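Spelled out, the chains give:
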Amino acid sequence: MSILIQGGRVVTAADDYFADVFIEGEKVHSIGKDLKVNADRVIDARGKLVIPGGIDPHTHLDMPFGGTTSADDFESGTIAAAFGGTTSLVDFAIQSRGESTLKGLDTWHAKAEGKASIDYAFHMIITDMPDERLPEMQKLADAGVTSYKLFMAYPGVLYVDDGTLYRTFRQAGENKTRICMHAENGIVIDEIIKAAVKDGKLEPKYHAATRPTRMEAEGVHRAIAIAEVAGVPLHIVHLSCADALEQVKLGRMRGVDVQAETCPQYLFLDESFYEKPNFEGAKWVMTPALREKWNQDVLWQGLRLGHLALVATDHCPFCFKGQKELGRESFTKIPNGAPGVENRMTLLYQGVQKGHYDLNRFVEISSTAAARTFGMFPRKGTVAVGSDADIVVFDPDKRVTISVNNPETHHMKVDYSSYEGFEVTGYPDTVLSRGRVIVSKGKQETRGGGRFVKRALSGELLR
Ligand code: URP
Ligand code: ZN
Ligand code: ZN
């Protein structure tokens, strides 16, 4: 199958020019002005942007958490991602405490295989790492799992102590792999939560009140210090606030190999969402929590200036009915997480509209930086000869209202939208994954066919 994308404005993290893109099979074959080729299909991209498919390096599909399981599996989650212009995601496989990480990886392969419509990779969530298990980390790297998430939060569930952090960081550094850190002082936060519960403070808004930004900043500071001593590249996930970003800047200024991601929810939503009546605030119970609104300006600035490397969703959807409701009696029982994998690209494009950054930076933070950080570049994350034909023909003028009731914007298997009623300009028109048209003009053309991406080591290229 060959496809010619004709007359579009090709934008990568570095370039911006008008050209045709010719795809043969799964790869970009050639790019040039007025290409004279015979293609099986021609896509008219006049007036549209031709950009690399989005890469969301932080999703939780089919994930058991908080006594339930996230509502999107690899089938619905990857279809929703494609509708929103994302063509690769990096999900989190989980090691059950006391068990092999390799067993955890097998479990997640089984969840994804044959279901995904776009390509996917895995980080491994490490929940314990005694000395005798350390050699497994090399085996994970050999299997293409070249980054690991550890948690300073959720004591008794995913939390690991500083000794485990250091041991794992050192091994990851030696293996030329990367650490992803959920940085929040979960031990102190648990004490604050206990006191709140004792005082009868049980509504969703106390989720935010019990997780001060200072405790996120402390986690970021500690993670950076440990990574610096252990000698491993560090990626702070779901950074939510100015306090935490300050610590990233300080670490970078003294030369530590640390970078951070933020998420659309921290750019567009704030703690006032927890005040919604009838328990509705539970929809936005996520960790870290939504913050005071002024933090948003600092995060947008961080994206513009490069202090923040990229934007992921932390897509972890739980239905309001039957799942979020588990916490009606106490916010401590509300499953943490919110949907967003379908909304990320258009929301980030609003940053261009509002003048926060230019088109190249939009492509970088939505695709290229994730590909580079997580060992998928240049196969993914750019439009270039020889790269996978993961391409979005993006209509910069299309206006839509994001809503759970709008069939154009909601394919996630969850009964609410985090961004209900948001009016956005700029939306994907056609979405290709390795040369297959997955979505065109709001219609799904292809189902399945997504493949596992065996990622390269930190700093290496994936051809
Ligand atoms: O609330 C969140 N973020 N849920 C998913 C788990 C995590 O911490 O990333
Ligand atoms: Zn986390
Ligand atoms: Zn997460």
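Residues numbered from 1 in each chain as written. Chains lettered and ligands numbered in written order. Predicted model: local features only at pLDDT ≥ 70, side-chain atom pairs only at ≥ 80, totals over all residues. Heavy atoms only, no water.

Novice: So what about the overall build of the protein chain? Which residues, and what values?
Specialist: In terms of helices and strands, the protein chain carries 12 helices and 19 strands. Computed over its C-alpha atoms, the radius of gyration of the protein chain comes to 21 Å, within 12% of the 23 Å expected for a compact globule of 463 residues. A principal-axis box enclosing the C-alpha atoms of the protein chain has dimensions of 70 × 50 × 40 Å. Within the protein chain, the fraction of its 463 residues that count as buried is 64%. Considering only residue pairs separated by 6 or more positions, the protein chain has 75% of its internal contacts joining residues 24 or more positions apart. Just so you have it, the protein chain exposes about 16600 Å², and 49% of that area is on carbon and sulfur atoms. Each charge class in the protein chain was averaged separately, 55 positive and 61 negative side chains, and the resulting centres sit 1 Å apart. (Helix = DSSP H or I, 4+ residues; strand = E, 2+ residues; numbered from the N terminus. Rg over C-alpha atoms; globule rule 2.2 N^0.38 Å. Buried < 20%, exposed > 50% of the residue type's maximum accessible area, 1.4 Å probe, protein only. Contact = heavy atoms within 4.5 Å. Areas by Shrake-Rupley, 256 points an atom, 1.4 Å probe, with all protein chains shown as cover. Lys, Arg positive; Asp, Glu negative; His and termini not counted. Charge placed at Lys NZ, Arg CZ, Asp CG, Glu CD.)

Novice: I'd like a description of the pattern of salt bridges, backed by residues and values.
Specialist: Evaluated as defined, the whole model comprises 29 salt bridges. The partner of Glu-445 in a salt bridge is Arg-41, with the nearest N and O atoms 2.8 Å apart. Here Arg-41 lies in strand 4 (residues 41-44) and Glu-445 lies in the segment after strand 19 (443-444), a separation of 404 residues in the sequence. On the basis of relative accessibility, which here comes to 42%, the residue Glu-445 falls in the partly exposed class. Arg-222 serves as the salt-bridge partner of Asp-162, at 2.7 Å between the closest nitrogen and oxygen. Placement of Asp-162 in helix 4 (residues 162-174) and of Arg-222 in helix 7 (residues 213-230) is noted, with a sequence separation of 60 residues between them. Taking the relative accessible area as the measure of exposure, Arg-222 reaches 16% and is therefore buried. Sharing partners across several salt bridges, the network here consists of Glu-26, Lys-27, Asp-119, Lys-380, Asp-388, Asp-390, Arg-434 and Arg-451. (Salt bridge = Lys/Arg side-chain N within 4 Å of Asp/Glu carboxyl O.)

Novice: Tell me about empty space enclosed by the protein, and please be specific about residues and values.
Specialist: This model, assessed by the stated rule, comprises four cavities of 30 Å³ or more. Empty space within the largest cavity amounts to approximately 110 Å³. The space that makes up the second largest cavity amounts to roughly 60 Å³. Lining the second largest cavity are Phe-83, Lys-398, Glu-408, Tyr-427, Pro-428, Val-439, Lys-441 and Gly-442. When grouped by side-chain class, the residues that make up the lining of the second largest cavity number four nonpolar, one polar and three charged. (1 Å grid on protein atoms, 1.4 Å probe; cavity = no way out; pocket = protein on both sides within 12 Å on 5 of 7 lines; lining within 4 Å. Points joined across faces, edges and corners; volume = space filled by probe spheres on them. Nonpolar A, V, L, I, M, F, W, Y, C, P; charged D, E, K, R; others polar.)

Novice: I'd like a rundown of the coordination of the zinc ion (ligand 2), residues and numbers included.
Specialist: Coordination of the zinc ion (ligand 2) by the protein comes from Lys-149 (NZ), His-182 (ND1) and His-238 (NE2), over a distance range of 2.1 to 2.3 Å. Counting residues between consecutive donors of the zinc ion (ligand 2) along the chain gives the motif K-x32-H-x55-H. Between the zinc ion (ligand 2) and the zinc ion (ligand 3), the interatomic distance is 3.8 Å. Of this pair, Lys-149 sits in strand 11 (residues 147-151) while His-182 sits in strand 12 (residues 178-182), placing them 33 residues apart in sequence. Both residues of the pair, Lys-149 and His-182, count as buried. (Donors = N, O, S within 2.8 Å, 3.2 Å for Na, K, Ca; no water.)

Novice: I'd like a rundown of the coordination of the zinc ion (ligand 3), residues and numbers included.
Specialist: Those protein atoms acting as donors to the zinc ion (ligand 3) are His-58 (NE2), His-60 (NE2) and Asp-314 (OD), and they sit at 2.0 to 2.1 Å. The site at the zinc ion (ligand 3) holds four donor atoms, and with the angles between them running 87 to 135 degrees, its shape is irregular. All donors of the zinc ion (ligand 3) come from a single chain, and their spacing in sequence reads H-x1-H-x253-D. Among the residues examined, His-60 registers a relative accessible area of 4% and is labelled buried. (Tetrahedral: all angles 85-135°; square planar, octahedral: opposite > 155°, others 65-115°.)

Novice: Explain the site of ligand 1 residue by residue, including any values.
Specialist: Around ligand 1, a shell composed of 14 residues is seen, among which Lys-149, Tyr-154, His-182, Thr-287 and Asp-314 lie nearest. Within the side chain of Tyr-154, an N or O atom sits 2.8 Å from an oxygen atom of ligand 1. Between Asn-336 and ligand 1, the recorded distance is 3.1 Å, taken from a backbone N or O atom to a nitrogen atom. In the complex, 100% of the free accessible area of ligand 1, which totals 270 Å², lies under the protein chains. Judged by its atoms lying within 2 Å of the grid points, ligand 1 is housed in the largest cavity. Split by residue class, the shell around ligand 1 holds five nonpolar, seven polar and two charged. (Near = heavy atom within 4 Å. Polar contact = N/O pair within 3.5 Å; in protein donor to acceptor, adjacent residues only side chain to side chain. Sits in = over half its atoms within 2 Å of the grid points.)

Novice: Pulling in residues and values, what's your account of the sheet that holds strand 11?
Specialist: Spatially, the eight strands line up as an open sheet ordered 6-9-10-11-12-13-14-15, and their pairing is parallel. Unpaired on one side and paired on the other, strand 6 (54-59) and strand 15 (310-311) mark the two borders of the sheet. In this structure, strand 6 lies alongside strand 9 (residues 86-94), joined through four bridges in parallel fashion. Across the sheet, residue Asp-56 finds its bridge partner in strand 9, namely Leu-89. (Pairing = 2+ DSSP bridges.)

Novice: Could you give me a rundown of the environment of Ile-94, with the residues and numbers involved?
Specialist: Among the structural elements, Ile-94 can be located in strand 9. Judged by its relative accessible area of 12%, Ile-94 is buried. Sequence-wise, Ile-94 and His-29 are 65 residues apart; in three dimensions their C-alpha atoms are separated by 38 Å. With sequence-adjacent residues up to four places away left out, Ile-94 is seen in contact with Met-63, Gly-104, Trp-108, Met-124, Ile-125 and Leu-158.

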